[in-house]
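# Commentary on secondary and tertiary structure
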Amino acid sequence: MIKTALSHPNKALVIYWGNENDTLRIPSRPSLSVTLEGINHPLDYIVSLRTIGSSERDKVIIDGTEDKGQIYNQFVYHLNAMREYTGFKEKLEVTTRKSFPVGSGLAGSAASASALAEAFAGLIGKTADTRLKSIMARRGSGSASRSVFGGFVIWQKGNSDESSYAKQLFDENHWDLHNVIAMVSSSTKKIRSIEGMKLSKKNCPEKIYSEFVRVANDHIEQISTAALERDIAKLGVLYEKENYLFRQVCLRTTPPLDYWTKLTDNILEKITELRNDGIPAYAGTDAGPNVHVFTAPKHVQRVIKMIQEIEGILDIIHCRVGKGSHLIEEHII
Ligand code: PMV
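What comes next is a walk through the structure.

Parameters and conventions
- Residues numbered from 1 in each chain as written.
- Predicted model: local features only at pLDDT ≥ 70, side-chain atom pairs only at ≥ 80, totals over all residues.
- Heavy atoms only, no water.
- Pairing = 2+ DSSP bridges.
- Helix = DSSP H or I, 4+ residues; strand = E, 2+ residues; numbered from the N terminus.
- Contact = heavy atoms within 4.5 Å.
- Axes fitted to C-alpha atoms, helices over the stretch in contact; angles between N-to-C directions.
- Buried < 20%, exposed > 50% of the residue type's maximum accessible area, 1.4 Å probe, protein only.
- Core = buried A, V, L, I, M, F, W, Y, C linked by side-chain atoms within 4.5 Å.
- Parallel < 35°, antiparallel > 145°, perpendicular 65-115°, else oblique.
- Left-handed = near helix turned anticlockwise from the far one by under 90°.
- Nonpolar A, V, L, I, M, F, W, Y, C, P; charged D, E, K, R; others polar.
- Polar contact = N/O pair within 3.5 Å; in protein donor to acceptor, adjacent residues only side chain to side chain.

### Thoughts on the sheet that holds strand β7 (residues 59-62)
Spatially, β8-β7-β9-β6-β1-β16 is the arrangement adopted by the six strands of the open sheet, whose pairing is mixed. Here the strands that pair on one side only, and so sit at the sheet edges, are β8 (65-66) and β16 (326-328). With six bridges joining them, strand β1 (residues 2-7) and strand β6 (residues 45-51) adopt antiparallel strand pairing. Bridge pairing links K3 to L49 in β6. Packing of helix α1 (residues 70-86) onto the sheet brings it into contact with β6, β7 and β9 (92-98), and relative to β9 it is tilted by some 120°. This element, helix α2 (residues 108-123), spans β1, β6, β9 and β16 of the sheet and lies at about 35° to β6.

In structure tokens form, the structure reads like this:
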């Protein structure tokens with residue numbers, strides 16, 4: 001049997017950074033994101049899963065090449081976690097194809113782990129069980145729990161394996177909000193998010209980290225209202241505030257986690273200038289140097305033009321609010 005799933009990354013407006021339980025990925029704070037679908041450039045992660053019943057081990061083929069190292073271990077760890085929930089025992093061949101760099105701060109892990117969970121749910125006939133899919137995706141990467149859904153998504157913190165999963169707030173048709181990603185680097189970051197957040201949880205001064213945790217529910221509430229009202233100014237101010245807090249947590253971690261480059265700073269400054277000219281554009285980052293600018297469709301070209309003028313930009317990816325993970329008929333095996 002073969003099942004194939006496609007999924008997209010998401011951009012957190014209220015950020016996940018740190019776990020109460022690292023194995024289960026029960027987060028320290030709830031988070032809220034927007035699932036992103038590329039317009040000028042696909043942001044797709046595709047996973048085909050094929051049962052290979054007689055084989056003794058799983059097989060992982062990434063972009064045409066069999067992996068037997070770190071990526072293989074990550075996939076098998078995730079598959080085994082999902083087997084525990086479902087009792088599914090067969091060995092699997094995993095084949096993946098992506099259209100964007102993973103590990104560079106574009107939330108590739110959210111897309112890959114949610115695609116894997118979606119394909120796995122397809123194999124066991126549980127595609128309708130979004131709670132289980134979100135929990136299974138979470139075991140691969142926390143943010144993947146959100147990419148199971150399209151549109152605006154909240155990952156409620158929960159306090160146990162069963163209670164920590166994401167839910168859709170508004171679907172992808174609710175609000176035509178656009179996101180322009182200024183690509184500053186496509187190389188893999190030195191400290192992966194999962195390692196970085198462990199350091200922050202452990203080493204960031206308690207006062208700063210606990211404040212970051214404390215404000216999350218309030219930010220989720222306010223951003224939910226802004227999304228309901230389709231109020232970009234309200235949403236944007238909170239998005240930038242979250243980004244600032246996240247930056248403080250990272251910088252005050254020992255050793256400091258500085259995911260930005262000079263170019264990141266330049267872009268953020270230019271977006272502030274644009275706003276001073278009356279353009280509703282709001283910028284933030286992930287755990288990486290690339291900048292995500294939220295704006296309204298009619299201002300996208302102005303934002304893109306402004307970014308293009310900055311020297312050193314690698315690429316610009318224009319996105320809309322996207323769909324959640326779903327099964328497709330075109331297998332890549
Ligand atoms: O899901 P992970 O383990 O790749 O961590 C993602 C962390 C951030 O992207 C920085 C924040 C988030 O909420 O997506």
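### Section: the pairing of β9
Burial within β9 is extensive, with five of its seven residues counted as buried. Relative to β9, β6 runs antiparallel, the two being bridged by seven bridges. Within β9, the position partnered with I46 by the bridge is R97. Across four bridges, the pairing between β7 and β9 is parallel. The residue bridging I61 from the neighbouring strand is T95, located in β9.

### Remarks on the nonpolar core
Of all hydrophobic cores here, the largest spans 98 residues; its most connected members are L13, W17, L49, F152 and V293. Here this core takes nine residues from α2, the largest share from any one element. Each residue touching V293, except ones within four places of it in the same chain, is listed here: H178, N179, V180, I271, A281, Y282, A283, V303 and I307.

### Examining the packing of helix α6 (residues 206-214) against helix α8 (residues 232-251)
In helix packing, the relevant descriptors are the interaxial angle and the interaxial distance, both defined with respect to the helix axes. Contact geometry of α6 with α8 gives a least axis separation of 10 Å together with a crossing angle of 150°. Taken as axis vectors, α6 and α8 run roughly antiparallel relative to one another. Crossing handedness for the pair α6 and α8: left-handed. Together, I208, Y209 and F212 of α6 and E242, L245, F246 and V249 of α8 make up the contact between the two elements. Residues that form the contact of α6 with α8 fall into these classes: six nonpolar, no polar and one charged.

### Points about the environment of V94
Mapped onto the elements of the fold, V94 is located in strand β9. With 15 residues separating them along the chain, V94 and L79 place their C-alpha atoms 9.8 Å apart. What V94 contacts, discounting residues up to four positions off in sequence, is V47, S48, L49, K59, V60, I61, F75, L79 and L116.

### A short note on the environment of S112
As for its placement among the helices and strands, S112 is situated in helix α2. Along the chain, S112 and G140 lie 28 residues apart, while their C-alpha atoms are 8.6 Å from each other. If sequence neighbours within four positions are ignored, S112 has contacts with Y45 and V47. Polar side-chain contacts of S112 include one of 3.4 Å to the backbone oxygen of S109.

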